[in-house]
Amino acid sequence: MDAVIATDAEGRIEFMNPVAVALTGWTASEAVGRSILQVFVAINETTREEEECPVGQAISEGVIVALADHALLVARDGAERSVAGTSAPMRLADGRILGAVLVFSDQTEERRTRARLA
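These remarks concern the structure in this document. (Residues numbered from 1 in each chain as written. Predicted model: local features only at pLDDT ≥ 70, side-chain atom pairs only at ≥ 80, totals over all residues. Heavy atoms only, no water.)

Here we look at the side chain of Thr 7
Working step 1: Note that Thr 7 resides in strand E1 (residues 3-8).
Working step 2: Owing to a relative accessible area of 1%, Thr 7 belongs among the buried residues under this scheme.
Working step 3: The residues contacting Thr 7, other than those within four sequence positions of it, are Arg 12, Ile 13, Glu 14, Ile 36, Val 55, Ile 59, Met 90, Leu 98, Gly 99 and Ala 100. (Helix = DSSP H or I, 4+ residues; strand = E, 2+ residues; numbered from the N terminus. Buried < 20%, exposed > 50% of the residue type's maximum accessible area, 1.4 Å probe, protein only. Contact = heavy atoms within 4.5 Å.)

The structure is reproduced here in structure tokens:
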């Protein structure tokens with residue numbers, strides 16, 4: 001199942017589904033109104049440097065943006081999970097950007113399996 005987080009045009013969280021709650025460690029009531037950058041923290045699994053959250057680019061450029069390869073989501077409790085996903089702008093009927101949606105999934109077991117097979 002995919003995790004889903006929806007934001008407003010300023011990148012503040014408006015909605016999180018139960019999978020996003022489980023993966024991030026933030027309850028929906030704690031996360032709503034916060035910046036996506038506080039709740040969705042991703043680092044590069046090799047360099048350990050923080051990855052850019054794709055929501056900002058989806059909002060500012062109005063395009064679909066993929067998470068960086070080999071991204072690790074750092075949950076509120078510090079747990080790290082391999083994730084893959086995309087962010088897309090949400091538009092009003094007149095084309096104005098209302099916000100963005102970030103859809104991602106836990107890829108930890110899949111990446112472990114590929115590493116064992118390699």
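Structural notes on the pairing of strand E6 (residues 80-91)
Working step 1: Here 2 bridges tie strand E4 (residues 65-66) to E6, and the two strands are oriented antiparallel to one another. Across the sheet, Val 65 pairs through a bridge with Ser 87, a residue of E6.
Working step 2: Hairpin connection, strand E5 (residues 71-74) to E6: the antiparallel pair is bridged by 5 residues, and Gly 78 has positive phi, about 95 degrees.
Working step 3: Sheet topology note: the E6/strand E7 (residues 97-106) ladder contains 9 bridges and is antiparallel. Its bridge partner lying in E7, Val 83 is registered against Asp 106.
Working step 4: Connecting E6 to the antiparallel partner E7 that follows it, the hairpin turn spans 5 residues, and Gly 95 within it adopts a positive phi of roughly 95 degrees. (Pairing = 2+ DSSP bridges.)

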